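# Reading the structure
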Amino acid sequence: MSIALYRKYRPATFGEVRGQEHVTDPLRQALRSGRINHAYLFSGPRGCGKTTSARILARSLNCAEGPTPDPCGTCDSCVSLAPDGGGSIDVIEIDAASHGGVDDARDLRERAFFSPVNSRYKIYIIDEAHMVTREGFNALLKLVEEPPPHLKFVFATTEPEKVIGTIRSRTHHYPFRLIPPSTLKELMEDLLKEEEVTYDPAALPLVVRAGAGSARDTLSVLDQLIAGSDEGGITREGAVSLLGYTDSSLLGEMVDALGARDGAAAFGLVDRVVEGGHDPRRFTTDLLERFRDLVVLSAVPDAIDKGLVNVSPESVDQMKEQAARLGPAELSRAAEVLNQGLTEMRGATAPRLLLELLCSRILLPATDGDQGVALLARLEQMERRVASGAIAPAAPAQAPAAPAPVRQPSPPQPAAPAPQADPPRPQPARPQTPEPAPRQAARPSQPAPRNEPSGWDAPAPAPAEPRAATPASGGPLDLGRLQGAWHQVMEAVKGRRRFTWMMLHGGDVQPVGVEGNTVLLGFSKPNEAKGFTTSGSDQVVAGAIQQVLGAEVRVAPAGVGGPPAPARRPEPAPRPAEPSGWDAPPVRNEPAPAQARPEPAPEPERPSGPPPERLLSDRPEPPPDPYEDAAAAPPPEEHGPPAPVRDAGPGNGRPVESAPREERPESTPAPRPASVGAASAGSSSGGSGNGGGGVSLIETELGGKLIEEIEHEPSEGF
């Protein structure tokens, strides 16, 4: 009758334990120096030698020559604690999986105080210590903390974190590790020679892979292969069939199909796997392992000689060729896709469908969400196709042919001069006042500021020669941009002052040029241009342009000249200061009587528009003036509304309001005495120069235009 290999070849000393030198060497040194602790904790994966090391420790402690790192093997204690021995009464092994309750811990505590029977120490080996309950650990706590001199504890567990901290802190903790594949392979070779069993060396890597680093699992698989082998011994084919691994040739065919983008072959191989009774999950795992080996071979050409890759000898050449043909980007991407799919296969009801989807993702890199890896894989495919001759490289560029003679373009015809307003008229010389420098520094290409006339009512000087307006180089605004946004500018003007909007809209005024920071507007009549500047509408338009386009500019009429403006009439009382704004209505106590005015001496004219230092001011716009259309006439008296002014000319007998009705502060004007109205009419007649009425006065003096007549009756209360 044979026994299992893992029991038959269980190590009897620390020197026979393989792959755990980081644990056995310190223990041997502690036994050699006599520094032995009262409790030890051995942790690690299953089958790596925890319980075996605990038995060896107990054997070394109770050896007749001990404590010693190398038991003699001949004394009663060593013989009873040998792998094939019957055991010792002073070495108690407890399976905590079935004896982990508080009652078991109390029973252990009561018996632990008794001295050993025939050994040096009484040793408790508690296997699967993580299964002890919290109450059981608490019952053992005092005993483990202060045990009798003859008592030793060895806890063995695969989950040390489940051992309570108060117990773990009172032990010497030695973590065990998985055994390396090379160590397991040497161990199996020694055992097969000891058992006199012939074997195929290509089968041992499969056994090592099945053992997954556990010596006990590896020896169990080897024992199964030995039991199922015939006179020929252990073969690779038998190991593949028994362990359920995918054949290496099938994996090679799948790698070739995926690398060549052969979808028919790839899906045919999937069908062969399923029809052959193989588990799709196992096939995916094996295929992932194959891609891992190819990635390592691609990075390390001599990986097989170094032991980094364990494959059969007949697959070495094929794998080297595949690693050289497929790029590292494509190999790593395929491995990543398989790894992700293998996680999704856990608990899947249709693993074949998932396997086919994984193959389709590997065949089509463009469908991958990670565009960087997919693009690199596609580039590697293209490079391989170009290198193999499937795609001809681009032909070198031929020498360029002689250029055809190019016909010289005809000289451009001179453009027709832009239409302009009335030709400029000579103006009398006036004293020039330099314009203050703007707030922002002018750009190098911006023209220098021009000198403005000193009078407010003086028209803007005409340009030296008629030319099309072009945007200033480097200026803040150009003509095309202004013309494109003129509709928005007009809407902004309408919201600011309706009178200015009526003047621009009625005369169809458009911007015709931009010179530096000055916008030039085209007027068809000189009187309209004059009324535009004297009424302060240029400031309104400048504010609207800044609101719409964000540019601080000045606005002036373009190309309009004429005789000097008539002198203003003398006022009976001096005008008070204008604290609220330059366009505030003038205040007058009594209307001037209708009488012939002497010719006044010419007085210096004020500059057209507001003072230059206020052009770019940040002050808010003053409120609209309800009497701004009658700049030449004094404001009405406070005791009543003005009498309607009628035109004395032929065909004009209807009253004309000087401003829209909504501009007046009072809802219903009160009647004014007839004497006052007559005086106002007389004054208007005297000021016209030709006997015209209010309409003529507005057209000649202010450049206004009759838009609408509104008749109203005086209120009954006055």
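Scroll up for the structure.
Heads up: these notes are all about the structure in this document. (Residues numbered from 1 in each chain as written. Predicted model: local features only at pLDDT ≥ 70, side-chain atom pairs only at ≥ 80, totals over all residues. Heavy atoms only, no water.)

### Considering the sheet that holds strand S9 (residues 518–522)
Pairing is mixed in the open sheet, where three strands are placed in the order S8-S9-S10. Edge positions in the sheet fall to strand S8 (510–515) and strand S10 (554–558), since each of these pairs with one other strand and no more. Put simply, the sheet's adjacent strands are angled 35 degrees from each other on average, direction ignored. Pairing between S8 and S9: five bridges, direction antiparallel. Across the sheet, Gly513 pairs through a bridge with Leu520, a residue of S9. Along the sheet face, helix H23 (residues 537–549) touches S9 and S10 and points at about 125 degrees away from the line of S10. (Pairing = 2+ DSSP bridges. Helix = DSSP H or I, 4+ residues; strand = E, 2+ residues; numbered from the N terminus. Axes fitted to C-alpha atoms, helices over the stretch in contact; angles between N-to-C directions. Contact = heavy atoms within 4.5 Å.)

### Observations regarding the pattern of salt bridges
Considering all chains together, one arrives at 20 salt bridges under this definition. Residues Asp256 and Arg325 are paired through a salt bridge, measuring 2.8 Å at the closest nitrogen-oxygen approach. Residue Asp256 is found in helix H12 (residues 248–259), and its partner Arg325 is found in helix H15 (residues 316–325); the two are separated by 69 residues along the sequence. With a relative accessible area of 26%, Asp256 lands in the partly exposed category. (Salt bridge = Lys/Arg side-chain N within 4 Å of Asp/Glu carboxyl O. Buried < 20%, exposed > 50% of the residue type's maximum accessible area, 1.4 Å probe, protein only.)

### What to know about unusual backbone geometry
The backbone phi angle of Glu128 is positive, close to 55 degrees, even though this residue is not glycine. As for its placement among the helices and strands, Glu128 is situated in the loop between strand S3 (122–127) and helix H6 (134–145). A residue is classified by how much of its surface remains accessible, and Glu128, at 27% relative accessible area, is partly exposed.

### Structural notes on H15
By the burial criterion, the buried members of H15 are Val316, Met319, Gln322 and Ala323. Down the axis of H15, the buried side of the element spans an arc of 130 degrees, and every buried residue falls inside it. Set apart from the buried face of H15 by more than 90 degrees, the exposed residues are Asp317 and Ala324. Here the buried face of H15 lies against H12, helix H14 (280–299) and helix H16 (328–344). (Arc of directions from axis to C-beta.)

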